[in-house]
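One-letter residues, chain by chain:
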Amino acid sequence: MAAGPLLPLPALTGLLLCLCAGLWAEGGKVLVVPMEGSHWLSMREVVEELHARGHQIVVLSPEVTLHIKEEDFFTLKTYATSYTQEEFQDIMLGQSYLIFERMHYLRTFWKTVEIMKNMSLMFQKSCEELVHNKDLIRQLNANAFDVVLTDPLYPCGAVLAQYLSVPAVFFLRALPCDFDSEGTQCPNPSSYIPRLLTRLSDHMTFLQRVKNMLYPLVMKYVCHISLSPYASLASELFQREVSLVDVFSYASLWLFRGDFVFDYPRPVMPNMVFIGGINCAHRKPLSQVCICAYMQSMCRAGRVLIFKLVPGAAVPSHLLCGFLPLILRLSLW
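Because the structure is a prediction, the values reported are computed rather than measured. (Residues numbered from 1 in each chain as written. Predicted model: local features only at pLDDT ≥ 70, side-chain atom pairs only at ≥ 80, totals over all residues. Heavy atoms only, no water.)

### Some thoughts on the packing of helix 6 (residues 156-164) against helix 8 (residues 206-238)
- At a minimum axis distance of 10 Å, the contact between helix 6 and helix 8 shows a crossing angle of 10°. Classified by the angle between their axes, helix 6 and helix 8 sit roughly parallel to one another. Along the contact surface, helix 6 presents Cys 156, Val 159, Gln 162 and Tyr 163, while helix 8 presents Tyr 230, Ala 234, Leu 237 and Phe 238.
- Here the residues of the contact of helix 6 with helix 8 sort into 7 nonpolar, 1 polar and no charged. (Axes fitted to C-alpha atoms, helices over the stretch in contact; angles between N-to-C directions. Helix = DSSP H or I, 4+ residues; strand = E, 2+ residues; numbered from the N terminus. Parallel < 35°, antiparallel > 145°, perpendicular 65-115°, else oblique. Contact = heavy atoms within 4.5 Å. Nonpolar A, V, L, I, M, F, W, Y, C, P; charged D, E, K, R; others polar.)

### Re helix 8
- Under the 1.5 Å per step criterion, the end-to-end length of helix 8 is 45 Å for 33 residues, consistent within 8% with the ideal 48 Å.
- Taking the largest bend as the criterion, helix 8 deviates by roughly 50°, centred on Leu 227, and proline Pro 229 comes between one and four positions later.
- Of the residues one or two after helix 8, Gln 239 is the one with positive phi, at around 55°. (Expected span 1.5 Å × (residues − 1). Bend = angle between axes of the 7 residues up to and from the residue.)

### Topic: the pairing of strand 4 (residues 147-150)
- Neither face of strand 4 is left uncovered, since the one carrying Val 147 and Leu 149 and the one carrying Val 148 and Thr 150 both have all their residues buried.
- In this sheet, strand 4 lies alongside strand 1 (residues 29-33) in parallel orientation, the contact comprising 4 bridges. Within strand 4, the residue paired with Val 33 across the bridge is Thr 150.
- Bridge count for strand 4 against strand 5 (residues 168-172) is 3 bridges, and the pairing is parallel. By the bridge assignment, Thr 150 is partnered in strand 5 with Phe 170.
- As a crossover connection, the stretch from strand 4 through helix 6 into strand 5 is right-handed. (Buried < 20%, exposed > 50% of the residue type's maximum accessible area, 1.4 Å probe, protein only. Pairing = 2+ DSSP bridges. Right-handed = clockwise from strand over helix to strand, strands pointing away.)

### Thoughts on the packing of aromatic side chains
- All told, the structure shown has 9 aromatic pairs when counted by the stated rule.
- Measuring from centroid to centroid gives 5.5 Å for Phe 123 and Tyr 154, while their planes differ by 55°, and the two rings are tilted. Of this pair, Phe 123 sits in helix 4 (residues 105-131) while Tyr 154 sits in the loop between strand 4 and helix 6, placing them 31 residues apart in sequence. Tyr 154 matches Phe 123 in its accessibility class, with the two residues each being buried.
- Considering the side-chain rings of Tyr 154 and Tyr 230, the 6.3 Å spacing of their centres and the 90° angle between planes classify their relative orientation as edge-to-face. Of this pair, Tyr 154 sits in the loop between strand 4 and helix 6 while Tyr 230 sits in helix 8, and the two are 76 residues apart along the sequence. No difference in accessibility class separates Tyr 154 from Tyr 230, as the two residues are buried.
- A connected cluster of aromatic rings, assembled from ring pairs, spans Phe 170, Trp 254, Phe 256 and Phe 274.
- Stacked on the ring of Phe 256, the Lys or Arg Arg 266 has its end atom at 5.4 Å from the ring centre. (Phe/Tyr/Trp six-rings, centres within 6.5 Å; stacked < 30°, edge-to-face > 60°. Lys NZ or Arg CZ within 6 Å of the ring centre and 35° of its normal.)

On their own, these measurements won't tell you what the molecule is for.
See below:
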């Protein structure tokens, strides 16, 4: 009987090295510095998966939280804060009525700025208490973490990672004031990329392009109020002048909870990875009530659309709604 083909010596050596390395492969140590609220609910799925793959997870959080609670797949390490649970909940949840209140755009804007200022002051105070906690910093250094996973909307994680000299991975949806583009040195032309919260598309008129150029100037004011204290804190810690761009550019990898299926195309850099759909880890089927209500609204929207395309057109309901299964699939996707 003929012998089977023999592997070349270099290939056989490489295969043995891979097999031997697999026997002693160990997970890394991950320090997680999350942002409170729904941001943590998205990051929690990643933390659980990292634990399932053998990594040791430590979640660093203030004692006063809304959603960050101890669970069996990570170690929760907390630190004391100067504000109470009632004060924190009032800041985070007390102004939610603004979502449903009808008022002039400028009035809504200034109320939102005031709320953001109060929230930022609380988060800034929490960050200062964290980095000035010498015992906690000593413990974190002793743990020798391999990476810091953090949401840069709360820049304290980025500051802490640099303070500990540990590589940082950012987990985010987007950053205001184009800090995600500046931090990655990514091109961000205003000519066709709609700015965050402008509600513009990638097909803009001349006036819309002017708005797209001017809008960041307004947002710079908001970012100055809410984020500039972290640059001051970093400058104090590192004994040198540090800007917000310096803070954000420390990240080695940016994980964006987005996808070009939902977002407009734009330039990206090699360390920008899109992981859209990660929020759908625990998806549930729509109830029949939800589907029926959605189909009825699509019927009404379809009539309006056809009437605009063909004025005076009368489309029977049974013909129009016959296309709804296809519309439903496309719109939900």
